[in-house]
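One letter stands for each residue in the lines below.
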Amino acid sequence: MDDSIKKFILGWLPFRRQIRNRRLILSNIVRAARGESYVCNALSGNSDYNICINSDMTVSCNCLDIDASGHLGDLSASTLEEIFRGATATKFRKSLSRGVLPIRRCLECRELTRTTRRQAQAALTNFTTPKRGIMVENTVLCNLRCVNCSRKAILATRKKLGMSLPDIENVAMNIKRNEIGLVNYFNLGEPFMSNAIYEELAIIRKHNPQAAIYLSTNGLLMNQQSKFEAALLLDYLYVSLDGATTESVTRYQAGGNFEKSYGNMKELVRLRNSRRLVKPVIDWKYVVFSWNDREAEIERAVALAREAQVDIISFWPGSGSPDQVSHRFAHDEFFQKLGSSSWKGREIDFRT
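Residues numbered from 1 in each chain as written. Predicted model: local features only at pLDDT ≥ 70, side-chain atom pairs only at ≥ 80, totals over all residues. Heavy atoms only, no water.

**Student:** Which parts of the structure should I look at to understand the overall build of the protein chain?
**Tutor:** Scanning the protein chain from N- to C-terminus turns up 13 helices and 15 strands. Radius of gyration (C-alpha) of the protein chain: 21 Å, near the 20 Å computed for a compact globule of 352 residues. Dimensions along the principal axes, computed over C-alpha positions, put the protein chain at roughly 55 × 55 × 45 Å. Across the protein chain, the centroid of the 50 positively charged side chains sits 6 Å from that of the 37 negatively charged ones. (Helix = DSSP H or I, 4+ residues; strand = E, 2+ residues; numbered from the N terminus. Rg over C-alpha atoms; globule rule 2.2 N^0.38 Å. Lys, Arg positive; Asp, Glu negative; His and termini not counted. Charge placed at Lys NZ, Arg CZ, Asp CG, Glu CD.)

Next up, the structure:
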C-alpha cells in the first residue's frame, strides 16, 4: 500500500471515531429536548439474546460489545444477580430513563424501547436477571477472517481468549440459579475452536437439562468425533455458510471452505439420523450478499440442503458497504417467493 494512502487511513480513523461519538452526543441532545425516555429490554431481563458472558467472564449488555463500553461486570467476581443490581447496570438504566443513551451501541440496538417517563422510572427497580435467554462466548478466537470483522479490536478487549472448565461450571450454575430458558452458545468467536467443547456443553447440559442450547458455527472445525458428539448435545445448530461454492463463500468468509463445511454438516445429519435423534435441528444459515444472490446459486444451495437432509435453509440479509448489500434480496420477486418469510429473512423448512 502506498505511504500516502496509509497516512490518509491512519489520519481518518480518529476522525471517524469522533464522528461516531458526535452522533451519539447529538442524538442524546435531540432525545432530551423531546423529553423522550427509554428502557432496555436486556437490562430489564426481558431479552432472549443480548446479555452476553464473554470469554474472559465479563458480562456485556449487548452481543456486539466490540469496544467493551457495554461491560456491566465480571462473573468471576460477582453473581449475575449482583451484576444486574450493580453500579454500571443501574447507571445505564437511569440514563435511559432521562432519554440519554449511555453507549454508542444503543443507537442500533434492537433492545431499546421508547416509553413514557413514568414507565422508565418504574423500570429502574422493576427488573430481573435474564430468564428467557443469555449468550455464552466460550472463546473469542476464530478460524476465519470475515471481511467486516473487527477481530483486532475484539481481541484487545478480552483479558482471556477462552473459558476454562471451572469458568463453564460457574456459568452453568448462574444459568441454573436464574432458571434461564435459552443458552446461545456463541458470540464473537467460533465455538468449535475449543477442543474441550464436548466437556463444556456437557457441563451446561448437566446443570440445566431444561434449557435449550443453540450454537452457531462456520462448520469447518466440526470435523472429529468429539466435536460431532458435542453438536449432538445441542437443541439447534446454525451452520453459517454464505454461498454454494468455495469461491462464493470466501468472498466474505475468508479462509472458509465450502466442501469441508458442507461435508461436516452432512455428516452430522447422518450421525443424528442414524441414532434416531430429533435434535439438534440443523439450519444452514446463508447470508445473502451482492455476489451470492443469483437465482442459480440460491437454487443450488436449496438442492444441496435437501440432499444433505438438513432441517432448514435460511436466507439472511447481509450488511456492509453499499456494494456488498444485496438489493435483489430486498426487492426481487424471486426472493419474495422463496420459502416463507421469517425473522431471519426467508427460510425453507424441509420438515413441513
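**Student:** Honestly, the sheet that holds strand E10 (residues 236-240) in this entry has me stumped. Any pointers?
**Tutor:** The pairing of strands in a sheet happens through backbone hydrogen bonds and is either parallel or antiparallel. Strand order across the open sheet formed by eleven strands is E4-E3-E2-E6-E8-E9-E10-E12-E13-E15-E14, with mixed pairing between neighbours. Sheet topology places strand E4 (71-74) and strand E14 (340-342) at the edges, where each strand pairs with a single neighbour. In the sheet, E10 pairs with strand E12 (residues 281-288) via five bridges, with the strands oriented parallel. Of the residues in E12, the one forming a bridge with Tyr 236 is Val 281. Here helix H11 (residues 295-308) sits on the sheet and contacts E12, strand E13 (312-317) and strand E15 (345-349); the angle it forms with E12, its principal contact strand, is near 170 degrees. (Pairing = 2+ DSSP bridges. Contact = heavy atoms within 4.5 Å. Axes fitted to C-alpha atoms, helices over the stretch in contact; angles between N-to-C directions.)

**Student:** When you look at the pairing of E12 in this model, what are you seeing that I'm missing?
**Tutor:** The side chains of a regular strand alternate between both faces of the sheet. Within E12, eight of the eight residues are buried, leaving the element largely enclosed by the surrounding structure. The two faces of E12 match: Val 281, Asp 283, Lys 285 and Val 287 on one face and Ile 282, Trp 284, Tyr 286 and Val 288 on the other face are all buried. Direction of pairing for E12 relative to E13: parallel, over a ladder of six bridges. From the neighbouring strand, Val 287 faces E13, where its bridge partner is Trp 316. (Buried < 20%, exposed > 50% of the residue type's maximum accessible area, 1.4 Å probe, protein only.)

**Student:** Whenever I open this one, the packing of helix H6 (residues 165-177) against helix H7 (residues 197-207) confuses me. Can you help?
**Tutor:** Relative orientation and spacing of two packed helices are given, respectively, by the angle between their axes and the distance between those axes. Running from N to C, H6 and H7 point in directions that differ by 25 degrees, and their axes come no closer than 9 Å. By the criterion of interaxial angle, the relationship of H6 to H7 is roughly parallel. Classified by chirality, the crossing of H7 by H6 is right-handed. Here Leu 165, Ile 168, Glu 169, Val 171, Ala 172, Met 173, Ile 175 and Lys 176 of H6 lie close against H7, whose contacting residues are Glu 199, Glu 200, Ile 203, Ile 204, Lys 206 and His 207. A class-by-class count of the residues in the contact of H6 with H7 yields eight nonpolar, one polar and five charged. (Parallel < 35°, antiparallel > 145°, perpendicular 65-115°, else oblique. Left-handed = near helix turned anticlockwise from the far one by under 90°. Nonpolar A, V, L, I, M, F, W, Y, C, P; charged D, E, K, R; others polar.)

**Student:** Is there a simple way to explain the confidence of the model for the protein chain in this structure?
**Tutor:** Reading fine detail from the predicted coordinates is not recommended where pLDDT is low. Per-residue confidence for the protein chain averages 91 on the pLDDT scale, and 90% of its residues sit at or above 70. Counted against residues more than four places away or in other chains, residues 4-19, with its pLDDT under 50, gives four contacts. (pLDDT = per-residue confidence, 0-100.)

**Student:** Would you explain the pattern of salt bridges in this entry?
**Tutor:** Two side chains with opposite charge may pair up if their charged atoms get near one another. For the structure on display, the rule yields 22 salt bridges. The partner of Arg 275 in a salt bridge is Glu 229, with the nearest N and O atoms 2.5 Å apart. Linking Arg 275 in the loop between helix H10 (258-274) and E12 with Glu 229 in helix H8 (residues 225-231), this pair joins segments that are 46 residues apart in sequence. Of the residues examined, Glu 229 reaches a relative accessible area of 23% and is grouped as partly exposed. With a closest N to O distance of 3.7 Å, Arg 328 and Asp 332 form a salt bridge. Take Asp 332: its relative accessible area is 24%, and that puts it in the partly exposed class. Counted as one network, the salt bridges with shared partners bring together Asp 48, Arg 110, Glu 111 and Arg 132. (Salt bridge = Lys/Arg side-chain N within 4 Å of Asp/Glu carboxyl O.)

**Student:** Before we go on, may I ask you to explain the packing of aromatic side chains in this structure?
**Tutor:** Each aromatic ring pair is specified by the distance between its two centres and by the angle formed by the two planes. As enumerated under the stated definition, the model contains 14 aromatic pairs in all. On the numbers, 5.3 Å between centres and 80 degrees between planes, the contact of Phe 334 with Phe 335 is edge-to-face. The exposure class assigned to Phe 335 is buried, which follows from its relative accessible area of 1%. Counting every residue linked through ring pairs, the aromatic cluster contains Tyr 214, Tyr 236, Tyr 238, Trp 316 and Trp 343. Between the NZ or CZ atom of Arg 93 and the centre of the ring of Phe 127, over which it lies, the distance is 3.7 Å. Lys 285 extends its terminal NZ or CZ atom over the ring of Trp 316, reaching a point 4.2 Å from the ring centre. (Phe/Tyr/Trp six-rings, centres within 6.5 Å; stacked < 30°, edge-to-face > 60°. Lys NZ or Arg CZ within 6 Å of the ring centre and 35° of its normal.)

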